[in-house]
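# A look at the structure
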Amino acid sequence: MAYESTEEPGRKFQNIQHGKTFDRVRKEEKSSKKSKPKEKASEEHEQDIHESVAEHGPVHKIEMHSHHEDGHVHHSEHHDARTAHEHVDGAMGHMEPEGDEAEAMPMAGAGGMPPGM
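This is a predicted model, so every value here is computed, not measured.

### Thoughts on the overall build of the protein
Secondary structure assignment for the protein yields 4 helices and 4 strands. Reading the secondary structure of the protein in the N-to-C direction produces β-β-α-α-β-β-α-α. For the protein, the proportion of its 117 residues judged to be buried stands at 17%. Long-range pairs, those at least 24 residues apart, make up 19% of the contacts in the protein between residues at least 6 apart in sequence. Split by element, the accessible area of the protein, about 9800 Å² in all, is 54% carbon and sulfur.

### Points about the packing of aromatic side chains
Under the criterion given, the structure shown has 1 aromatic pair. Where Phe13 meets Phe22, the ring centres are 5.1 Å apart and the plane angle is 45°; that geometry is what we call tilted. With respect to burial, Phe13 and Phe22 carry one shared label: buried.

### Considering the side chain of Glu7
Within the fold, Glu7 resides in the loop between strand 1 (3–4) and strand 2 (12–13). Among the polar contacts made by the side chain of Glu7, one reaches the side chain of Lys30 at a distance of 3.2 Å. Apart from the residues within four sequence positions on either side, Glu7 is in contact with Asp23, Arg26, Lys27 and Lys30.

### Points about the pattern of salt bridges
Counted by the stated rule, this structure contains 8 salt bridges. With a shortest N-O distance of 2.9 Å, Glu8 and Arg26 are connected by a salt bridge. Of the two residues, Glu8 is situated in the loop between strand 1 and strand 2 and Arg26 in helix 1 (residues 16–35); the sequence distance between them amounts to 18 residues. Overall, the relative accessible area of 27% leaves Glu8 in the partly exposed class. Measuring nitrogen to oxygen at the nearest pair gives 3.2 Å for the salt bridge that ties Glu28 to Arg24. Taken together, the positions of Glu28 and Arg24, both in helix 1 and 4 residues apart, correspond to about one turn of that helix. Here the residues in one salt-bridge network are Glu8, Arg11, Arg26 and Glu29, joined through shared partners.

Rules used throughout
- Residues numbered from 1 in each chain as written.
- Predicted model: local features only at pLDDT ≥ 70, side-chain atom pairs only at ≥ 80, totals over all residues.
- Heavy atoms only, no water.
- Helix = DSSP H or I, 4+ residues; strand = E, 2+ residues; numbered from the N terminus.
- Buried < 20%, exposed > 50% of the residue type's maximum accessible area, 1.4 Å probe, protein only.
- Contact = heavy atoms within 4.5 Å.
- Areas by Shrake-Rupley, 256 points an atom, 1.4 Å probe, with all protein chains shown as cover.
- Phe/Tyr/Trp six-rings, centres within 6.5 Å; stacked < 30°, edge-to-face > 60°.
- Polar contact = N/O pair within 3.5 Å; in protein donor to acceptor, adjacent residues only side chain to side chain.
- Salt bridge = Lys/Arg side-chain N within 4 Å of Asp/Glu carboxyl O.

Take a look at the structure:
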């Protein structure tokens, strides 16, 4: 028995729970878009992480929002670089840096040091 989306009529899911989750997320997205004021131009530009650390100190947690093709937004929180990096690898598939990037980008572990150091 297929589940038909209430938020996107005509879209059917074989997995009922997946369909209900899709509807819930779409409903939340629609309501948040209506309630959020547009960001100011100054907030649109991301501050460099080095400037942010210099101004506010080191990060104590990393919050991630993974946006999936079906509209689902997965939220996660990490307390070290290793688990955040593993989350990204699992979500997007590991993409090997090429050439000079590979040498310049050692994965930092907890404390900002590459593993094994």
